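# Observations on the three-dimensional arrangement
Single-letter residue listing:
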Amino acid sequence: MGGSFKIGRAFGIDVKVHWTFLLLVVFFGFLAYQATGSAGRALAVIGLILGLFVCVLLHEYGHSLTAQRLGIEINDITLLPIGGLARMKSLPERPADEVKIALAGPLVNVVLAPVFFAVGHLLGASPFSATGFVSAADSAGQFFSFLGVVNVLLAVFNLIPAFPMDGGRVLRGLLATRMGPVRATDISSAVGQGFALLFFLYGLLGGNLLLVLIAVFIFFGAGGEAEIVRQRELMRGLTVRDVMGTRRRTETVTPWHTFGQVLDSVIHGYQMDFPVVDEDGRLVGMLTRNEIMAAAHSPDRFSEVRQIMRTEFPTISPEADLFAEGQKLLQESGLRAIPVVEDGELVGMLTLEDMSQASLLRDIRKLQQRPAPWGR
Ligand SMILES: [Zn+2]
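Just so you know, these numbers come straight off a predicted model, no measurement behind them.

Time to look at the environment of Leu 211. Mapped onto the elements, Leu 211 comes out in helix H8 (residues 209–235). Given a relative accessible area of 13%, Leu 211 falls into the buried group. Remark: the alpha-carbon pair of Leu 211 and Ala 196, spanning 15 residues in sequence, is separated by 9.2 Å. Non-local contacts of Leu 211, meaning those with residues more than four positions away in its chain, are made with Phe 157, Phe 199, Tyr 202 and Gly 203.

Set out below in structure tokens:
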């Protein structure tokens, strides 16, 4: 993010601070000095703000370390006046992962709150004795009690289902297990923007500038992320299932078919590569155009399929990535068709023709791709 500078690094993640954050620190220090006329109290208030942001930082580390464990790289964590931001290299693909990552942040605050309350209590303060930044700087006990309250607020506020806040991400993750990711994002974005409008009005009427800022952040964040998800779904790698010829469209032969019958299929059909399936529906061989050509010009033309079929051949899963795996396997095997197998059963066939159609489709998609309206 522009205007940020690095202050440290832990667990392989850079921690950055946006310059406006320093403005916030100076501003609150100044307010405290004006209210109390004491430089010591002003410093205590500044310490309190720094303590608050350590809690925000730990919250972001909760998200980041969970994401790292699930295989997602973290670019950096940036501290802004309105909170922290952990930037991930990619968005979690699985809805369950998104829910875990989103919950990990508030969970850190749930753990921290009682710790601060306990420290405050040991230092002789009751949990809710501090009502604001300035009174929280009255004593060490109130200082820690206030941080306890701050952590309760951080947990509760972040769990409001206003996407892209944590609660909104949880909502999206839960919705995405029931519907597609695009629709889940659209719904949670709409809910998030609804909350943003409420926050905006409430902040404006109550004169709470911070709430107004957060409302603007949520509103545009929700719209921007919805667009990113839409783009990702559009460009998502096709799977073998997306383009393969289905089982119904794939002609199969049995081991006991004669070569003459196969030749008949070749002449009257569209296929030159045949999966060989036994009476139990199991895939037991492949009869490719190579075997058919070779047999046609040899005494093999009087034999049965089981005598000339190949029994060594690759298969592929319907969920395999089309370009990364399907195309590669076709090239490496030198075959023009590969049986697609799921749970040991033939579900279709992937051919070179399917691949060339998919490549065309991919090129068209690339042409249609437009830049997202919000750069992030
Ligand atoms: Zn969070």
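Let's shift gears to the sheet that holds strand S5 (residues 245–246). Ordered in space as S5-S9-S8, the three strands form an open sheet in which the pairing is antiparallel. Strands at the two margins of the open sheet, each flanked by one partner only, are S5 and strand S8 (337–342). Where S5 and strand S9 (residues 345–351) come together, two bridges link them in antiparallel fashion. Bridge pairing in S9 places Gly 245 opposite Met 349.

Here S8 lies mainly inside the structure; five of its six residues are buried. Pairing of S8 with S9 involves six bridges; the strand directions are antiparallel. Paired with Pro 339 across the strands is Met 349, a residue of S9. A loop of two residues connects S8 with S9, the two strands running antiparallel in sequence, and Asp 343 in this loop sits at a positive phi of about 50 degrees.

Reading across from one edge, S1-S2-S3-S4 is the order of the four strands in this open sheet, with mixed pairing throughout. Strands at the two margins of the open sheet, each flanked by one partner only, are strand S1 (4–10) and strand S4 (83–88). Between one strand axis and the next, the sheet turns through 25 degrees on average, direction left out of account.

Turning next to the UniProt feature "binding site: Zn(2+)" (unreviewed entry) in the chain. UniProt tags His 59, His 63 and Asp 166 as "binding site: Zn(2+)" (unreviewed entry). On the basis of their most widely separated C-alpha atoms, the annotated residues across 108 residues gather in one place, lying no more than 10.8 Å apart. Position of His 59 among the secondary structure elements: in helix H2 (residues 39–69). The class for His 59 is buried, based on a relative accessible area of 3%. Here His 59 is in contact with Gly 105, Pro 106, Val 108, Asn 109, Asn 158 and Asp 166, once residues within four sequence places are set aside. Among the structural elements, Asp 166 can be located in helix H6 (residues 166–176).

Reading guide: rules and limits
- Residues numbered from 1 in each chain as written.
- Predicted model: local features only at pLDDT ≥ 70, side-chain atom pairs only at ≥ 80, totals over all residues.
- Heavy atoms only, no water.
- Helix = DSSP H or I, 4+ residues; strand = E, 2+ residues; numbered from the N terminus.
- Buried < 20%, exposed > 50% of the residue type's maximum accessible area, 1.4 Å probe, protein only.
- Contact = heavy atoms within 4.5 Å.
- Pairing = 2+ DSSP bridges.
- Axes fitted to C-alpha atoms, helices over the stretch in contact; angles between N-to-C directions.
- UniProt positions renumbered as here; feature names shortened; annotations may be inferred.

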